[in-house]
Amino acid sequence: MLRKLFKLRDTASKGPEGHFPPGQRGYAIGDIHGRLDLLEQLIERILADDASRPAADTMLIFLGDLVDRGPQSAQVIDYLRALEARREAGRTRFLLGNHEEVFLAAIEDEKSLRFFARIGGKETILSYGINLEQYNALDYAKLHEALRELVPAEHIAFLSSFEDMILLGDYAFVHAGIRPSEPLERQRAKDLRWIREEFIEHSGPLEKIVVHGHTITEAVEEKPYRIGLDTGAYGSGKLTAMGFEGNQRWVIDTAP
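Conventions used here
- Residues numbered from 1 in each chain as written.
- Predicted model: local features only at pLDDT ≥ 70, side-chain atom pairs only at ≥ 80, totals over all residues.
- Heavy atoms only, no water.
- Buried < 20%, exposed > 50% of the residue type's maximum accessible area, 1.4 Å probe, protein only.
- Helix = DSSP H or I, 4+ residues; strand = E, 2+ residues; numbered from the N terminus.
- Pairing = 2+ DSSP bridges.
- Axes fitted to C-alpha atoms, helices over the stretch in contact; angles between N-to-C directions.
- Contact = heavy atoms within 4.5 Å.
- Polar contact = N/O pair within 3.5 Å; in protein donor to acceptor, adjacent residues only side chain to side chain.
- Phe/Tyr/Trp six-rings, centres within 6.5 Å; stacked < 30°, edge-to-face > 60°.

A. Quick peek at the pairing of strand E1 (residues 24–29). With five of six residues buried, E1 is to be regarded as a mostly interior element. Pairing between E1 and strand E2 (residues 57–62): six bridges, direction parallel. Counted as the bridge partner of Ile29 is Phe62 from E2. Pairing analysis gives five bridges linking E1 to strand E9 (residues 240–245), with the strands arranged antiparallel. Note that in E9 the partner of Gly26 across the bridge is Phe244.

Below you can see the structure in the form of structure tokens.
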């Protein structure tokens, strides 16, 4: 579903005004969480929207949390690796979400695997070819061995290449948010991937308009200095993106 343009706030107000770099168009995609079906639908809609507009240097920005909770995390990674390979270098960018962070840690050590399994990692493990009966029969030590054998090195390298923050024009794209008390150049990776209440409840001005996922809302949450794009795709069936060009922005999602 393509929704009409948002009106940007009065340019006389303090803080960033909401301009994307000249000649560029961007699409930021919220948390996918293993929903390959929704991802395929959304990318189709984004590409159609992009083709309907004047030529521009178009960038896709994935806000993180590709994996966990939904049934096809491994397949989402394969799809996005192929998508990146088809596109011009640098035109597809990925932010590391907290779920990717824990997934990579779980591959390395058993202690992290225990935490991973509690936050939706079970579904990710199953997507790599372990069936439910095998999953329930294995202790954590054996499950860790199986996971290390099943996750391709190409997947690990792909996830390990993800960025912490992407700055474009008046926008800062991150997974979870920023610590409002700190300038952008001093943000910690832990906060960029995990912060919630301190950022979400902040109402004062920020250096840039922060575009993020991580915190689920029923619809796009647009505040003066932040835009939340996690609409809980794995449970709601609605995966959401926002387009950016010049001083305009618009929403595309998988709602009927």
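B. Just the pairing of strand E10 (residues 248–253), in detail. Taken across its six residues, E10 has five buried, putting it largely inside the fold. Note that E9 and E10 share six bridges and pair antiparallel. Within E10, the position partnered with Phe244 by the bridge is Arg249. In this antiparallel pair of consecutive strands, E9 and E10, the connection spans two residues, and Gly246 shows a positive phi of 55 degrees.

C. A look at the sheet that holds strand E3 (residues 92–94). The strand order across the open sheet formed by five strands is E3-E2-E1-E9-E10, and the pairing between neighbours is mixed. Strand pairing shows two members of the sheet lacking a second neighbour, E3 and E10, which therefore form its edges. Strand-to-strand twist across the sheet, computed as the mean angle between neighbouring axes with direction ignored, equals 20 degrees. Against the sheet, helix H1 (residues 36–51) engages E1, E2, E9 and E10, with an angle of about 145 degrees to E10.

D. Spatial organisation of the environment of Glu133. Note that Glu133 resides in helix H5 (residues 132–137). The exposed category is assigned to Glu133, whose relative accessible area is 66%. Measuring from C-alpha to C-alpha, the distance between Glu133 and Lys111 comes to 22 Å, with 22 residues separating the pair along the chain.

E. Structural view of the environment of Phe116. If you trace the backbone, Phe116 turns up in helix H4 (residues 110–127). Looking at Phe116, the relative accessible area reads 0%, which means it is buried. Along the primary structure Phe116 and His99 are separated by 17 residues, whereas in three dimensions their C-alpha atoms are 7.9 Å apart. When residues no more than four places from it in sequence are discounted, the contact partners of Phe116 are Asp68, His99, Val102, Phe103, Ala106, Gly121, Lys122, Thr124 and Ile125.

F. Expanded view of the environment of Arg87. With respect to the secondary-structure elements, Arg87 resides in the loop between helix H2 (73–86) and E3. When the C-alpha atoms of Arg87 and Tyr225 are compared, they prove to be 31 Å apart, with 138 residues separating the residues in sequence. Setting aside chain neighbours within four positions, we find Arg87 in contact with Leu47, Thr58, Met59, Leu60 and Thr92. Reaching out from Arg87, the side chain makes a polar contact with the backbone oxygen of Thr58 at a distance of 3.0 Å.

G. Molecular detail of the packing of aromatic side chains. On inspection of all chains with the given rule, the structure shows 13 aromatic pairs. On the numbers, 5.1 Å between centres and 15 degrees between planes, the contact of Phe62 with Phe94 is stacked. Pair noted here: Phe62 is in strand E2 and Phe94 is in strand E3, with a separation of 32 residues, a long-range link. Of the two residues, Phe62 and Phe94, both sit in the buried class.

None of this, on its own, says anything about what the molecule does.
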